[in-house]
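# Structural characterization, general
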Amino acid sequence: MTDRSSRTAGRSRTGVAALLGAAALAVLGLQTPAASATSTAPAPPPTASTSTGQQVAYRPACDAPKPGQFTCFALRRTDIEPTPAATLRAAPAVPAGFGPADLQTAYDLPPNGGAG
């Protein structure tokens with residue numbers, strides 16, 4: 001290798017290292033939350049449009065994050081009443097398909113679970 005080709009190879013390695021370092025800083029820098037300079041006054045509930053054009057009111061499900069913490073993007077609709085838990089359908093006690101007794105019979109397992 002000549003003196004000139006070794007200098008060119010060194011420059012290209014330095015350029016690649018600088019490019020990778022800049023990319024890493026850009027990616028890691030985007031992950032840290034920036035301090036918000038917005039007002040803490042409560043805003044009116046925002047609305048969004050559905051596919052049919054209907055306006056839907058919602059509010060954030062989580063409190064505003066403290067500086068240096070990540071935020072929650074969950075939204076809660078405010079234009080409908082929640083469904084009481086008592087009106088929800090209960091899950092079946094035994095799922096459809098094979099149950100414990102079926103498997104015990106199929107594999108000829110002892111009723112007490114065995115000694116091992």
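Procedures and definitions
Residues numbered from 1 in each chain as written. Predicted model: local features only at pLDDT ≥ 70, side-chain atom pairs only at ≥ 80, totals over all residues. Heavy atoms only, no water. Helix = DSSP H or I, 4+ residues; strand = E, 2+ residues; numbered from the N terminus. Buried < 20%, exposed > 50% of the residue type's maximum accessible area, 1.4 Å probe, protein only. Contact = heavy atoms within 4.5 Å. Areas by Shrake-Rupley, 256 points an atom, 1.4 Å probe, with all protein chains shown as cover. pLDDT = per-residue confidence, 0-100. Patch = residues over 30% accessible without salt bridge, like charges linked within 9 Å, V, L, I, M, F, W, Y side chains within 5 Å. Salt bridge = Lys/Arg side-chain N within 4 Å of Asp/Glu carboxyl O.

## Observations regarding the overall build of the chain
From N to C terminus, the chain includes two helices and three strands. Along its sequence from the N terminus, the chain presents helices and strands in the succession α-β-β-β-α. Within the chain, the fraction of its 116 residues that count as buried is 3%. Long-range pairs, those at least 24 residues apart, make up 12% of the contacts in the chain with a sequence separation of at least 6. Carbon together with sulfur atoms contributes 63% to the accessible area of the chain, which is approximately 10600 Å² in total.

## Focus: the confidence of the model for the chain
Summarising the model, the chain shows a mean pLDDT of 74, and 63% of its residues fall at 70 or more. Per-element confidence in the chain is highest for helix α2 (residues 100–106), whose mean pLDDT is 87, and lowest for strand β1 (residues 47–49), whose mean pLDDT is 65.

## Observations regarding a nonpolar patch on the surface
Taken together, the side chains of Phe98, Leu103, Tyr107 and Leu109 present a nonpolar region at the surface, about 500 Å² in accessible area. The residue phenylalanine 98 is located in the loop between β3 (75–77) and α2 in this model.

## Some points on the pattern of salt bridges
Note that side chains of opposite charge can pair when their charged atoms are close. Applying the stated criterion across every chain yields a total of one salt bridge. Between aspartate 79 and arginine 77 there is a salt bridge; the shortest N-O distance is 3.1 Å.

## Focus on the environment of alanine 74
Residue placement: alanine 74 occurs in the loop between β2 (55–60) and β3. Once you skip the residues sitting within four places of it in the chain, alanine 74 turns out to touch Arg59, Pro60 and Ala61.

## Observations regarding unusual backbone geometry
Of note, the phi angle at aspartate 108 is positive, near 50°, even though the residue is not glycine. Structurally, aspartate 108 can be placed in the segment after α2.

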